[in-house]
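Spelled out from the first residue to the last, the chains are:
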Amino acid sequence: MPKVLIADKLSPRAAKLFEERGVEVDVVHGLSEEDLVARMGDYDGLAVRSATKATAAVLEAGARGRLRVVGRAGIGVDNIDVPAATAHGVVVMNTPYGNAVTTAEHAIAMMFALARQLPAADRSTQAGKWEKSKFMGVELSGKTLGVIGCGNIGSIVCDRAHGLRMKVVAYDPFLSPDRAQDLGVEKVELEELLRRADIITLHVPLTDQTRGILDAEAMAKCRKGVLIVNCARGGLVVETDLKAALESGQVGGAALDVFEVEPAKENALFGTPNLICTPHLGASTAEAQENVALQVAEQMSDYLLTGAVTNALNMPSLTAEDAKHLGPYMALADQLGSFAGQLTRTGLKAIRIEYEGHVAGLNTRPLTQAVLVGVLRPMLDSVNMVNAPVLARQRDIAVAETKYERDCDYQTLIRVTLETEKQVRSVAGTLFGGSKPRLVEIKDIQVEAQLGQHMLYLTNHDTPGVIGSVGRILAEAGMNIATFHLGRAEAGGDAICLIELDAEIPPAALAEVRALPQVLRAEPLRF
Ligand SMILES: NC(=O)C1=CN([C@@H]2O[C@H](COP(=O)(O)OP(=O)(O)OC[C@H]3O[C@@H](n4cnc5c(N)ncnc54)[C@H](O)[C@@H]3O)[C@@H](O)[C@H]2O)C=CC1
Ligand SMILES: O=C(O)C(=O)COP(=O)(O)O
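As the structure is a prediction and not an experimental result, all values here were calculated from the model. The residue numbering used here restarts from 1 in each chain and proceeds along that chain's sequence as written. Chains carry letters and ligands carry numbers; both start at the beginning, A for chains and 1 for ligands, and go up in the order they are written. With pLDDT at 70 or above as the cut-off, local features in this predicted model cover only qualifying residues; side-chain atom pairs require 80 or more to be listed or tallied, and sums for whole chains, interfaces and linings still use all residues.

### Regarding the packing of helix α2 (residues 33-40) against helix α3 (residues 56-64)
Keep this limit in mind: Every axis in this analysis is a line fitted to C-alpha atoms, fitted for helices over the stretch in contact. Angles between the N-to-C directions lie between 0 and 180 degrees. Strands here are runs of E lasting at least two residues and helices are runs of H or I lasting at least four, both read from the DSSP assignment and numbered beginning at the N terminus. Under this scheme an angle from 65 to 115 degrees is roughly perpendicular, one under 35 degrees roughly parallel, and one over 145 degrees roughly antiparallel; angles in between are oblique. By the definition used in this description, the sense in which the near helix is turned from the far one sets the handedness, with an anticlockwise turn below a right angle giving left-handed and a clockwise turn giving right-handed. Note on contacts: residues are paired as contacts if their backbone-placed C-beta atoms lie within 7 Å. Each residue receives one of three labels: charged for Asp, Glu, Lys and Arg, nonpolar for Ala, Val, Leu, Ile, Met, Phe, Trp, Tyr, Cys and Pro, and polar for the others, Gly being one of them.
Viewed as axis vectors pointing N to C, α2 and α3 meet at an angle of 15°, and their least axial separation amounts to 7 Å. Classified by the interaxial angle, the pair formed by α2 and α3 is roughly parallel. Crossing hand, α2 versus α3: right-handed. Two secondary-structure elements touch here, α2 through Glu33, Leu36, Val37 and Met40 and α3 through Ala57, Val58, Ala61 and Gly62. When grouped by side-chain class, the residues that make up the contact of α2 with α3 number 6 nonpolar, 1 polar and 1 charged.

### Concerning the site of ligand 2
Rules: Any residue qualifies as near a molecule or strand once its backbone-derived C-beta atom lies within 6 Å of it.
The full set of residues close to ligand 2 is Arg49, Ser50, Gly74, Ile75, Gly76, Asn99, His280, Gly282, Ala283 and Ser284. The class makeup of the residues in the shell around ligand 2 is 2 nonpolar, 7 polar and 1 charged.

### Brief notes about the nonpolar core
Which entries qualify depends on this criterion: By convention the nonpolar core is taken to be a set of buried residues drawn from Ala, Val, Leu, Ile, Met, Phe, Trp, Tyr and Cys and joined through C-beta atoms within 7 Å. Buried means a residue has 20 or more other C-beta atoms within 10 Å of its own C-beta, exposed means 12 or fewer, and partly exposed covers the counts in between; C-beta atoms are placed from the backbone.
Within the largest apolar cluster, 95 residues are counted, with the highest numbers of intra-cluster contacts made by Leu46, Ala47, Val90, Val371 and Ile414. Residue contacts for Ile414: discarding those within four places in its chain leaves Leu332, Ala333, Leu336, Ile353, Tyr355, Val359, Ala428 and Gly429. Core analysis: the next-biggest nonpolar cluster, separate from the first, contains 54 residues, Cys222, Val238, Leu242 and Ala245 among them.

### Quick word on the sheet that holds strand β17 (residues 436-442)
Keep this limit in mind: A pair of strands is treated as paired once DSSP finds two or more bridges between them.
Read across the sheet, 6 strands follow the order β14-β13-β15-β16-β17-β18 without closing on themselves; strand pairing throughout is mixed. In this open sheet, the two strands that pair with only one neighbour each are β14 (398-404) and β18 (445-449). The mean inter-strand angle of the sheet, taken between neighbouring strand axes irrespective of direction, is 20°. Together, β13 (348-357), β14 and β15 (412-420) form the strand contacts of helix α14 (residues 365-376), whose direction differs from that of β13 by roughly 140°.

### Let's talk about the sheet that holds strand β2 (residues 24-27)
One open sheet accounts for 5 strands, arranged β2-β1-β3-β4-β5; its pairing is parallel. Strands at the two margins of the open sheet, each flanked by one partner only, are β2 and β5 (91-93). Geometrically, the sheet is characterised by an average inter-axis angle of 20° between neighbouring strands, direction not taken into account. Note that strand β1 (residues 3-6) and β2 share 4 bridges and pair parallel. Its bridge partner being in β2, Val4 is matched across the sheet by Val25.

### Structural notes on the confidence of the model for the protein chain
Low pLDDT means the predicted atomic positions in that stretch should not be read closely. Selection criterion: One number per residue, pLDDT, summarises how confident the predictor is, and it ranges from 0 to 100.
Confidence in the prediction for the protein chain averages 95 pLDDT; 100% of positions are at 70 or higher. Predicted complex, confidence summary: ipTM 0.99, pTM 0.84.

### Notes on helix α17 (residues 507-515)
Convention followed: Comment: arc refers to directions from the helix axis out to C-beta atoms.
When we look at burial in α17, the residues that qualify are Ala509, Glu512 and Val513. Viewed along the axis of α17, the buried residues span an arc of 100°, placing them on a single side of the element. The outward face of α17, more than 90 degrees from its buried face, is lined by the exposed residues Pro507, Ala508, Ala511 and Ala515. Packing partners of the buried residues in α17 comprise α16 (466-476) and β22 (519-526).

See the structure below:
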C-alpha cells in the first residue's frame, strides 16, 4: 500500500480521501529539514502547503527510498526544489484554480482596507478615539487598477474590479490580445501601468524576471500616493525601497500578504505608516482549503495507484485511461529507445520519433519520454520519465516527434531514428495482438524479433555459413539459444541477426563471434 506524509496543515478531508482511496497517511506538522531527511525514504508521497520546504536534500533522501510524488495543496511551488525533484524522478504537482477565487478576494479586501484605512480606523475606534476626520478615504469607483500578472488570480481580480466600476490596465507579456479583450482589460507595458495606475496589485510568480519588479526606480515612476497590494510572493516588491517610498509619501499605502522572509515575525517594514499586513492568508478560507486538500489528495492518489498524472510541473498529463492504453506502448517505446541507445557509441545529436497508425491517435508525449529514457539509460544511470527531457536538452540532443495517421504496413508502428555525429540509424516496432512489443525493422531492414533479457545483435555480409558458425561458437560456450531472428537488405547484401540467449554471452565467445570474417559488428544487448 502506498504511503504519504502530510507535512503541513491541510484540511482533514485530505487524509480521509487518501485513506478511502487505499493510501496510508501520516500527518506530522512542523518537521525540520533534518527530520524530513530522516523520514522521507519511508514515503511514496509528500503533501505540503507553503511552510514545509522540500529542499534538494529532502528530495534526494526521499528518492533514495520510495518517494515518487510531491503534492502542493496550493499554487506557488517556490518552497519545492523542482529541478532537484526532476533530477530524482519525483513528480511535482500543484492545484491551480482551487484557491484562486479566495486569493483574488483577499487582494480586493486588501484594496478596500487600504482605500478606507480600515485596520487603523478599527484600532482607533476601539481605543475610544472616534477620529472621524482622520480617516478620509478614497473611492475605488472610476480609479485605474494596474494588474501585474493576468493569469488565474489576476483575471479574477480584473473581473471583480469591473464590478467595482474600476478601469483595469494589465501588464503580462504572456497575455494574448484576444484574452485581454475577453477580460475587458487594456494590455499595457509595465512603464505605462506604473504611470497610470492609482492602485497596483501583483499576481505573478516569483521568478528571476519578476523579483524586485517593484523597486525604488519603478515606484518613482508611479503616480504620487499610489496604493500597492501584494498577495502573490514576497520579493516582488523590494521591502527596503517600499519602506522609503511609504515614508516619503510617494507610495500612499501598501497591503502585503507575503514577505521576503516568512514567517515574517520581524520585518523592517513593520510600523511604517499606511502599511497593512496579513500572515500569508491569501488562500486561507475554508472553501479554498477544502478545494486544494481534496484536489491534491486525489491527484496524488491517482498517480500512486493508477499512474495518472494531473497538474504536474515536470511531467506531461496522463489520464488513468491513457495510462492503461499506453502500458504496452510504453514497453515498446522503452525497448526501441534502449535498442537504439545501446548501439550508439558516438555523440548523439538528434532523436526523431515517428508514430504511425493507431498509436498516432494516442497521447504520445509519455511515449516520447519512454523512448528518451530507453535511449539515454546506457549513458546515464539516473535517467527516468521525469528528467529525461531535461537531460536530453542539457546534452543538446534535439528531440522531434511526428505523427502519421496514414495507413502503414502495420496497424500501429513506432520508429525511432538516432542521428549521431557519424550516422543516422533507425529502428521500428509494433505491438502483436495489441500488447506484445515486436521489432520489425532495423536500419531499413525488415526483421521480426521479440526482445528478451539477453540478446546478441550481429550485422554481417549475407554469405553462407554465418548461422552455422555463430551457432557452433555459442554451443561450444554452452549458451542456449532461445530465439534466432534474421533479416537482410537484399541477397548477398547487408544482413542482421538478433539472437536471444538464456544468459549473457561470455567475453571469449563474443570475441570469437567478432572474429568471424563475415561479421561486421557483434554487440550484446540487455533489456
Ligand atoms: N497569497 C497567497 O496565499 C497566494 C498566493 N498565490 C500566488 O499568486 C501568484 C499567481 O498565481 P496564479 O494567478 O494562480 O498563477 P498563474 O500562473 O495563473 O498566473 C501568473 C501570471 O503571471 C504572468 N507572468 C509570468 N511572468 C511574468 C512577468 N515577468 N511579467 C508579468 N507577468 C508575468 C503569467 O503570464 C501568468 O499569466 C503565484 O505566485 C502564487 O504563488 C497563489 C495562491 C495563494
Ligand atoms: O497557493 C499558494 O501559492 C499560496 O501561496 C498559498 O499558501 P498556503 O498554502 O496558504 O501556505
